[in-house]
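Observations on the three-dimensional arrangement
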Amino acid sequence: SSAASDVYKRQDYNRAEICFDSITDKAGFAARTDEVRIAAAESFLSAGEMLQAMRCFSLCSDESKSNICRIYITQGENLLQNFEIESAYKCFNGAKNNCSDDALADLLQKINSAWESAGQRAMEAGKYEIATECYSMSDGFSPDEVIAERDAARYENCLLYTSPSPRDSTSS
């Protein structure tokens, strides 16, 4: 998997995934694969390459979601230190999307607190437009809206699996 790690560093995802696929002994390998993907994603996040990071994270197993959530929230908080609003929003959204239902309320409180704190710092620095933007960003992380959004997605997915197929109908 060190070959795959080196390939990821060069941003050749398809070749890295081929390296992963070529391993015949899969026992215990999934966790190591996620470690490599997460390390690559963290490098991309640090370099400001959000799309590449998101791609690496999206390939990780569900067992890594809490770790991915933690990485996204930390990066989002770091970005807010420099008022990098759009990138911070993307990180917080990534955290939200990878967070388990039972940890969601705490996560949203942490995200909203980060937006509020950034808004206060911007006000103190006389950056009123940025402050307004920070304060308004927390609206997208309202617990009621996020839960409704998740419920709607689950309902839609449920319908996809339970809707009758045209082949199921009988004709006379």
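Look up: the structure comes first, before these words.
Summary of the structure given here. Model, not experiment: these values are computed from the prediction. (Residues numbered from 1 in each chain as written. Predicted model: local features only at pLDDT ≥ 70, side-chain atom pairs only at ≥ 80, totals over all residues. Heavy atoms only, no water.)

With that settled, consider the overall build of the protein chain. Across its full length, the protein chain holds nine helices and zero strands. Moving toward the C terminus, one meets the helices and strands of the protein chain in the order α-α-α-α-α-α-α-α-α. Residues classed as buried in the protein chain amount to 35% of the 172 residues present. For the protein chain, long-range pairs separated by at least 24 residues make up 55% of all intrachain contacts whose partners lie at least 6 apart in sequence. (Helix = DSSP H or I, 4+ residues; strand = E, 2+ residues; numbered from the N terminus. Buried < 20%, exposed > 50% of the residue type's maximum accessible area, 1.4 Å probe, protein only. Contact = heavy atoms within 4.5 Å.)

Another point: the packing of aromatic side chains. Counted under the stated rule, the structure contains four aromatic pairs. By way of ring pairs, the aromatic residues Y89, F92, W115 and F141 are connected into one cluster. (Phe/Tyr/Trp six-rings, centres within 6.5 Å; stacked < 30°, edge-to-face > 60°.)

Bringing the pattern of salt bridges into the picture now. Applying the stated rule across the entire model yields two salt bridges. Taking the shortest distance from any N to any O, the salt bridge between R37 and D34 comes out at 3.7 Å. Of this pair, R37 and D34 are both found in helix α3 (residues 29-46), three residues apart, which corresponds to roughly one turn of the helix. Both residues of the pair, R37 and D34, belong to the buried class. (Salt bridge = Lys/Arg side-chain N within 4 Å of Asp/Glu carboxyl O.)

Before going further, it helps to examine the side chain of S64. Of note, S64 is situated in the loop between α4 (50-58) and α5 (65-81). We classify S64 as buried; its relative accessible area is 9%. Ignoring any residue separated from it by four or fewer positions in sequence, one finds S64 in contact with D34 and I38.

We now examine α4. Listed in full, the buried residues belonging to α4 are M50, A53, C56 and F57. Each buried residue of α4 sits inside an arc of 125 degrees when the element is viewed along its axis, so together they form one side. The outward face of α4, more than 90 degrees from its buried face, is lined by the exposed residues L51 and S58. (Arc of directions from axis to C-beta.)

We now examine the packing of α5 against helix α6 (residues 85-98). Between α5 and α6, the least distance of the axes is 8 Å, while the angle of their chain directions is 160 degrees. It follows from the interaxial angle that α5 and α6 lie roughly antiparallel. Regarding α5 and α6, the two cross each other, and that crossing is left-handed. Residues K65, S66, I68, C69, Y72, I73, Q75, G76, E77, L79 and L80 of α5 lie in contact with α6, whose contacting residues are I85, S87, A88, C91, F92, G94, A95, N97 and N98. Taken together, the residues of the contact of α5 with α6 sort by class into eleven nonpolar, seven polar and two charged. (Axes fitted to C-alpha atoms, helices over the stretch in contact; angles between N-to-C directions. Parallel < 35°, antiparallel > 145°, perpendicular 65-115°, else oblique. Left-handed = near helix turned anticlockwise from the far one by under 90°. Nonpolar A, V, L, I, M, F, W, Y, C, P; charged D, E, K, R; others polar.)

You will see that F83, though not glycine, has its phi angle at about 55 degrees, which is positive. For F83, the position within the fold is in the loop between α5 and α6. Overall, F83 belongs to the buried group, its relative accessible area being 15%.

Turning to the nonpolar core, a few remarks are in order. With 37 residues, the main nonpolar core has L45, F57, Y72, L80, F92 and W115 as its most contacted residues. Filtering out sequence-adjacent residues up to four positions away, F92 remains in contact with I73, G76, E77, L80, I111, A114, W115 and F141. (Core = buried A, V, L, I, M, F, W, Y, C linked by side-chain atoms within 4.5 Å.)

Here we come to the environment of L51. With respect to the helices and strands, L51 occurs in helix α4. Judged by relative accessible area, L51 falls into the exposed class, the value being 66%. A C-alpha to C-alpha distance of 9.4 Å links L51 and A41, two positions ten residues apart in sequence.

By relative accessible area, D34 is classed as buried at 3%. When residues no more than four places from it in sequence are discounted, the contact partners of D34 are L59, C60, S61 and S64.

Limitation: the analysis is restricted to geometry and does not speak to function.
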